[in-house]
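Residues per chain, in single letters:
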Amino acid sequence: MPTNGLRQVLKIQFGLVNDTDRYLTAESFGFKVNASAPSLKRKQTWVLEPDPGQGAAVLFRSSYLGRYLSAKEDGRVSCEAEQPGQDCHFLVLPQPDGRWALQSEPHGRFFGGTEDQLSCFATAISPAELWTVHLALHPQVHLLSVSRRRYVHLCPEEDEMAADGDMPWGVDALLTLIFQSRRYCLKTCDSRYLCSDGRLIWEPEARACYTLEFKAGKLAFKDCDGRYLAPMGPAGTLKAGRNTRPGKDELFDLEESHPQVVLVAANHRYVSVRQGVNVSANQDEELDHETFLMQIDQETKKCTFYCSTGGYWMLVTHGGIQATAPQVSANTMFEMEWRGRRVALRASNGRYVCMKKNGQLAAISDFVGEPYLPAWGQGLDWTGKVAGGWHQQRLLPPGNDEEFTLKLINRPILVLRGLDGFVCQRRGSNQLDTNRSVYDVFHLSFSDGAYQIRGRGGFWNTGSHGSVCSDGEASEDFLFEFRERGRLAIRGRSGKYLRGGASGLLRADADTPTGAALWEY
C-alpha cells in the first residue's frame, strides 16, 4: 500500500482528568499549570513522548505551548521548558482502575492536586494523585497490529474481529473508541463491542472495557484481568492473551480513517474499476472495486480517489479517466462542486468529468448540463422519444451526465466534533450540545444523495429559528459536503449549514460552510 499520504499514523494526544473531573491545563501566563477546566480543549491537550535516553521515563509536552511539564525538587510544577531537562522525566504507574499515577523520576514524588494547587511532592498515592487518560483525537479510526502489519476489521462470517487485512478497506475496518467510566470500549461498525475473550456483544460489560497503555508511541489495550489484546492464531483473531506485560504482539497503531465513497452515475450504475484501468459506470453492486478512498488536500481543497487495486484516478490523454497513478500529482486532483443531492467533478484540464455513452468517465464537458450543438436528423430527445429535425444529441436530462450521487460508506455510525467539542444530546432534553468533552454516537442512513441522522431519542430534525433536535419520529434529509480534510459541512432543509453557536447549541443558521459550520467526522 503506498505511503504517500494514505497511511496516517495518528499522534497520540490526550487530556489528563483528575479525581474531581477537571483537566490538567497549561497556561501561557507564567507557564503555570492548573486543574480547573471542565472540558478538553487545546490548552488541556498533551502529547506523550518517550525518553530520548531509551529509559522507562516519559515526557509530557503541551500541545498548546509546545513546552514540557517539569517538577522541581521542592514540588513546584510548570510547563516552561522548551527542551526536556532532567526535571521533565516522569514515570507512568498504571493503577488497577485504569488511572495513572505520575511520579517524578529524579525526585520520586507523585504529581497531583486540585484547581491551581498542583504539586509533585506527595510521598504516596492518594485519589488526588490519580489521573484518567482521555484521548483527544477523533475516536473513529483504523487499528493496525504492529507485529503482523495487518489491519483489524470485523469478520461477519466468523463473528469476530481479526487483524488480517492488508488494507483498511470498506466499512468493516472502522472502529469507534467509546470512552466511558474512565476506560475505553472498541465498537464495531455494526455497533457491537469487543470482549477480551473475542466475543462480540451488544451492550458493554466489564470484559469489554480496556485501560489504555502507551509504549514507544504505540498503544496497548489491557482488560479487567490485566491481560492485553493481541491477534491470536493464523486468522489473527483479536482477544486477550496470557501476557500481563505488553510486547510487540500487543501493540497497535491508530490510523486516520479517511472517507470511503461510492459514486452512482446518470445511468444508475456504480462507478467501478472492475473491468480494467478505465474508470467506468458499469456495475450494479457496490463492492471493493466500486469503493474509493477519498482524500482532500488541505491547501487546494481538491480531492483524490484511490482504488482498492492500488492506483489513483488520473486524467489521461483525450480526457479519459484511468486508475493508474501510483502517487498524487496535478492530474490526480479533482475539484468538487456540491450541487444539492449531487456532485460534479472538474479535472485538472478545467473540464467536468462526465459519463460517455459506453459508461466510461472522461473530463470532456465544459459546463455541467451543457447541451450539445444542434444537429439535423433523427435522434432521441431527453425523454427518450424519437424526434426528427433539429434536436439536442443528449439521451438524458441536461446536467445528468456530469452529476454523480456520492455516498459515504464507512460511517454507519457517526461522531461529530466541532471547534468547541463533540456533539452530544443534552441530558434531559431533545437539544444537541456542540461543546462537550464526551460524545454521542449517531446512526447514519442514506437515501438519494441525502443522509438521515438518528440519536438516542429519535431522528435529527430542524425546528423554528434553525434549532436542531434529536427526537423526531420521522427522518429528515440532511446534505453532507466534504469540504476539507477530515471535515464536512451539513446542510439542513432550509439550505443553511449546521453550526455550533456561542450558547453551545447546534443550529442550522450558517450561510457558509466555514469555521463553526465544519465538523470532524
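Residues numbered from 1 in each chain as written. Predicted model: local features only at pLDDT ≥ 70, side-chain atom pairs only at ≥ 80, totals over all residues. Heavy atoms only, no water.

### Observations regarding the overall build of the protein
Here is step 1: Of regular secondary structure, the protein possesses zero helices and 52 strands.
Here is step 2: In terms of overall dimensions, the protein is globule-like: its C-alpha atoms have a radius of gyration of 26 Å, near the 24 Å expected for 521 residues.
Here is step 3: With respect to the principal axes defined by its C-alpha atoms, the protein has extents near 95 × 55 × 45 Å.
Here is step 4: Here the protein holds 521 residues, and 54% of them are scored as buried.
Here is step 5: Contacts spanning at least 24 positions in sequence make up 51% of the contacts within the protein whose residues lie at least 6 apart.
Here is step 6: Surface summary for the protein: the accessible area is close to 22,800 Å², and the carbon and sulfur share equals 47%.
Here is step 7: Across the protein, the mean location of the 59 positive side-chain charges is 1 Å away from that of the 62 negative side-chain charges. (Helix = DSSP H or I, 4+ residues; strand = E, 2+ residues; numbered from the N terminus. Rg over C-alpha atoms; globule rule 2.2 N^0.38 Å. Buried < 20%, exposed > 50% of the residue type's maximum accessible area, 1.4 Å probe, protein only. Contact = heavy atoms within 4.5 Å. Areas by Shrake-Rupley, 256 points an atom, 1.4 Å probe, with all protein chains shown as cover. Lys, Arg positive; Asp, Glu negative; His and termini not counted. Charge placed at Lys NZ, Arg CZ, Asp CG, Glu CD.)

### Examining the pattern of salt bridges
Here is step 1: In this structure the tally under the stated criterion is 39 salt bridges.
Here is step 2: For lysine 43, the salt bridge identified is with glutamate 27, shortest N-O distance 3.2 Å. With lysine 43 in the loop between strand 3 (33-37) and strand 4 (46-50) and glutamate 27 in the loop between strand 2 (23-26) and strand 3, this pair connects stretches of sequence that are 16 residues apart.
Here is step 3: Note that arginine 269 and aspartate 284 form a salt bridge whose closest N and O atoms lie 3.1 Å from each other. Within this pair, whereas arginine 269 is found in the loop between strand 25 (260-264) and strand 26 (270-272), its partner aspartate 284 is found in the loop between strand 27 (280-283) and strand 28 (292-296), the two being separated by 15 residues in sequence.
Here is step 4: Taking relative accessible area as the criterion, arginine 269 reaches 29% and is therefore assigned partly exposed. (Salt bridge = Lys/Arg side-chain N within 4 Å of Asp/Glu carboxyl O.)

### Considerations on the pairing of strand 47 (residues 468-472)
Here is step 1: For strand 47, the tally of buried residues reaches four of five residues, placing the bulk of the element in the interior.
Here is step 2: Of the pairings in the sheet, the one linking strand 46 (residues 459-462) to strand 47 comprises four bridges and is antiparallel in character. Bridge pairing in strand 47 places asparagine 461 opposite cysteine 469.
Here is step 3: Count of turn residues in the strand 46/strand 47 antiparallel hairpin: five residues, of which histidine 465 carries a positive phi of about 60°. (Pairing = 2+ DSSP bridges.)

### Focus on the confidence of the model for the protein
A low pLDDT score tells you not to read the predicted coordinates there in detail.
Here is step 1: With 93% of its residues at a pLDDT of 70 or more, the protein shows a mean pLDDT of 90.
Here is step 2: In the model, residues 371-399 has pLDDT below 50 throughout and makes 50 contacts with residues more than four positions away in sequence or in other chains. (pLDDT = per-residue confidence, 0-100.)

### Some words on the side chain of glutamate 337
Here is step 1: Here glutamate 337 is to be found in strand 32 (residues 335-339).
Here is step 2: Side-chain polar atoms of glutamate 337 contact the side chain of tyrosine 352, separated by 2.5 Å.
Here is step 3: Excluding residues that lie within four positions of it along the chain, glutamate 337 makes contacts with Arg342, Val343, Ala344, Arg346 and Tyr352. (Polar contact = N/O pair within 3.5 Å; in protein donor to acceptor, adjacent residues only side chain to side chain.)

### Describing the state of the cysteines
Here is step 1: Taken as a whole, this structure holds zero disulfides when the rule is applied.
Here is step 2: Cysteine 189 forms no disulfide, and the closest cysteine sulfur to it belongs to cysteine 155, at a distance of 10 Å.
Here is step 3: With no disulfide partner, cysteine 469 has as its closest neighbouring cysteine sulfur the one in cysteine 424, 14 Å distant. (Disulfide = S-S within 2.5 Å.)

### Considering the packing of aromatic side chains
Where two aromatic rings form a pair, the distance of their centres and the angle of their planes describe that pair.
Here is step 1: Applying the stated criterion across every chain, the model contains 22 aromatic pairs.
Here is step 2: Aromatic side chains phenylalanine 14 and phenylalanine 60 sit 6.3 Å apart centroid to centroid with 85° between the ring planes, which places their arrangement in the edge-to-face category. With phenylalanine 14 in strand 1 (residues 13-17) and phenylalanine 60 in strand 5 (residues 58-62), this residue pair connects regions lying 46 residues apart in the sequence. Each of the two residues, phenylalanine 14 as well as phenylalanine 60, counts as buried.
Here is step 3: Pairing phenylalanine 446 with tyrosine 451 gives two aromatic rings, centres 5.0 Å apart and planes at 65°, and the pair type is edge-to-face.
Here is step 4: You can call phenylalanine 446 partly exposed: its relative accessible area is 25%.
Here is step 5: By relative accessible area, which is 1% here, tyrosine 451 ends up buried.
Here is step 6: Through pairs of rings, three or more aromatic residues link up here, namely Phe14, Phe60, Phe90, Trp100 and Phe214. (Phe/Tyr/Trp six-rings, centres within 6.5 Å; stacked < 30°, edge-to-face > 60°.)

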